[in-house]
Amino acid sequence: MRARLALLVAAVSVLTLIAFLVPLALLVRTVAEDRATVRATADAQSLVPVVGTADAATIRLTVEQLAAESGRPVSVFLPDGTVLGAQTPRTPAVALAARGQSLTGESAAGREVVIAVQGRADGTGVIRIAVPQHELTAGVTRAWLVLALLGVILVLIGLLVADRLARTLVRPISDLSAVSHRLANAELDARVTPAGPPELREVAGALNHLATRIQVLLVQEREQVADLSHQLRTPLTALRLEAESLRDPDDAARITAAADGLERAVTGLIRQARWRHAPAQPASSDVAAIVADRVAFWAVLAEDTGRAVTLDLTPGPLPVGVAADNLTAAVDALLGNVFAHTPDGTPFAVRLAREAGEVVLTVADEGPGMPAGAIRRGASAAGSTGLGLDIARRAAQAAGGRLELRAGPQGGAQVLLRLGPPTSPRDA
């Protein structure tokens, strides 16, 4: 913006100076020519009494003296054809003056002043003084250089003023941009100091109001999410009591473990919702241990629904750059999709391996497959919330990886969760 304002001011300044200095330069040249012509005319007028009354010898002496003093060629044409002074041929202007008309005309060497002298007994004499070109333009070049220097100085001053003015406009805009980027990076306490023109002050006030409003809405949302702990505490307590009353200890242990997992998930969600800044330490977890634990949990349901499970798990530890709670939720989402979107008895496979510096978790089934766009948040063709794959996608992005959805070679769907290593070498 500063460059554009400077360019605009420079263009306006140059056009204004051209409109002003070009006519002034032409006027300077015209004044110089007129000044030289007036001096030559005055010198010619001083010869009129001598040419009109004196003899040829006196006229010659006077002409030679004037030519020496003025430095201009001076010629006197007598009626009998005698030429005194500078020997120059008769020009059309001289011929016209011999008829009694004085004039000033242009010549090849510059300008000539011709004066007719009447009153001589033998006829009309003619005085001719040539004004050379260098005398007509004396001082013009220097005046033009002064005008050009003045124009350059004025343009530079205009550019300096424009740069100062542009800085007063650009600085508030840069502050607005910096604060908006800070807000985008979740620095919700960032505020901009209103400065600059009234329009920019109004924008700064609106941005500060928007940041304050975002803070208020986020606080309200965090508190609403935090209220889940109180709302879910009673159902979880009742679930544990029901589990303890079961006669089969295996069923009781399984239900209690599910209740504990649900409580951990809710606690992690509340903790994340109430975070105002990124955690101080880089996230890290062992994907091999988490996948083995979650597969063991879901294997009971797979046995109840008649699903064959094929496992190919690389032994750990396999550290990845995502928190354990998030990774657990992502693995549960992928395995839960198999049970939610395929009929009972559909086999599935779980594979965990290292590939090119990443850890890849693959969950493949032989069901009907997933529709296009299933990875989009909130998209579901089976009446669910549509958040499972999005949870897995965000977990993969947190670890520097990605989520891929493919069609299986024998039909069905393949979901690949690619996870990168922890950002801290000590955690790795």
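Residues numbered from 1 in each chain as written. Predicted model: local features only at pLDDT ≥ 70, side-chain atom pairs only at ≥ 80, totals over all residues. Heavy atoms only, no water.

1. What about the packing of aromatic side chains?
Any two aromatic rings considered together are summarised by their centre-to-centre distance and by the angle between their planes.
Okay, step 1: Applying the stated criterion across every chain, the model contains three aromatic pairs.
Okay, step 2: Relative to Phe339, the ring of Trp298 lies with its centre 5.2 Å away and its plane at 25°, an arrangement referred to as stacked. Here Trp298, found in helix α8 (residues 287-304), pairs with Phe339, found in helix α9 (residues 324-341); they are 41 residues apart in sequence, far enough to count as distant.
Okay, step 3: For Trp298, a relative accessible area of 16% gives the class buried.
Okay, step 4: Aromatic pair Phe339 and Phe348: ring centres 5.7 Å apart, planes at 70°, arrangement edge-to-face. A single burial state applies to Phe339 and to Phe348, both of which are buried.
Okay, step 5: Joined through ring pairs, the aromatic side chains of Phe297, Trp298, Phe339 and Phe348 make up one cluster.
Okay, step 6: When the ring centre of Phe297 is taken as origin, the NZ or CZ atom of Arg294, which lies over that ring, is 4.6 Å away. (Phe/Tyr/Trp six-rings, centres within 6.5 Å; stacked < 30°, edge-to-face > 60°. Helix = DSSP H or I, 4+ residues; strand = E, 2+ residues; numbered from the N terminus. Buried < 20%, exposed > 50% of the residue type's maximum accessible area, 1.4 Å probe, protein only. Lys NZ or Arg CZ within 6 Å of the ring centre and 35° of its normal.)

2. With respect to the confidence of the model for the protein chain
Okay, step 1: Counting all residues, the mean pLDDT for the protein chain is 82, and 87% of those residues have values of 70 or more.
Okay, step 2: Predicted confidence in the protein chain is weakest over helix α7 (residues 249-274), with a mean pLDDT of 71, and strongest over strand β1 (residues 74-77), with 92.
Okay, step 3: A low-confidence stretch, residues 276-280 stays under pLDDT 50, and its non-local contacts, those more than four residues away or across chains, total two contacts.
Okay, step 4: The model gives residues 377-385 a pLDDT under 50, and that stretch makes 15 contacts with residues more than four places away or in other chains. (pLDDT = per-residue confidence, 0-100. Contact = heavy atoms within 4.5 Å.)

3. Details of the packing of helix α1 (residues 2-53) against helix α5 (residues 140-184)
Okay, step 1: Relative orientation of the contacting elements α1 and α5 amounts to 160°, with a least axis distance of 9 Å. The angle between the axes of α1 and α5 places the two elements in the roughly antiparallel class. At the point where α1 passes α5, the crossing takes the right-handed sense.
Okay, step 2: The class makeup of the residues in the contact of α1 with α5 is 22 nonpolar, three polar and four charged. (Axes fitted to C-alpha atoms, helices over the stretch in contact; angles between N-to-C directions. Parallel < 35°, antiparallel > 145°, perpendicular 65-115°, else oblique. Left-handed = near helix turned anticlockwise from the far one by under 90°. Nonpolar A, V, L, I, M, F, W, Y, C, P; charged D, E, K, R; others polar.)

4. Quick look at the environment of Thr423
Okay, step 1: Looking at where Thr423 falls in the secondary structure, it is placed in the segment after β12 (413-419).
Okay, step 2: Between the C-alpha atom of Thr423 and that of Val322, which follows or precedes it by 101 residues, the distance is 9.6 Å.

5. Things to note about the sheet that holds strand β5 (residues 123-132)
Okay, step 1: The sheet built from five strands is open, its strands ordered β2-β1-β5-β4-β3 with antiparallel pairing. Unpaired on one side and paired on the other, β2 (83-85) and β3 (103-107) mark the two borders of the sheet. When strand polarity is set aside, the average angle formed by the axes of neighbouring strands in this sheet is 25°.
Okay, step 2: As paired strands, strand β4 (residues 110-120) and β5 are joined by nine bridges and run antiparallel to one another. Its bridge partner lying in β5, Ile115 is registered against Ile127. (Pairing = 2+ DSSP bridges.)

6. Section: the pattern of salt bridges
Okay, step 1: Counted by the stated rule, this structure contains 19 salt bridges.
Okay, step 2: A salt bridge links Arg72 to Glu135, with the shortest nitrogen-to-oxygen separation between them at 3.0 Å. Highlighted residues: Arg72 in the loop between α2 (56-70) and β1 and Glu135 in helix α4 (residues 133-136), separated in sequence by 63 residues. The pair Arg72 / Glu135 is uniform in exposure class, with both members buried. (Salt bridge = Lys/Arg side-chain N within 4 Å of Asp/Glu carboxyl O.)

7. Brief notes about a nonpolar patch on the surface
Okay, step 1: Taken together, the side chains of Leu149, Leu150, Ile153, Leu154, Ile157 and Val161 make up a nonpolar region of the molecular surface, amounting to roughly 520 Å² of accessible area.
Okay, step 2: Of note, Ile157 is situated in helix α5. (Patch = residues over 30% accessible without salt bridge, like charges linked within 9 Å, V, L, I, M, F, W, Y side chains within 5 Å. Areas by Shrake-Rupley, 256 points an atom, 1.4 Å probe, with all protein chains shown as cover.)

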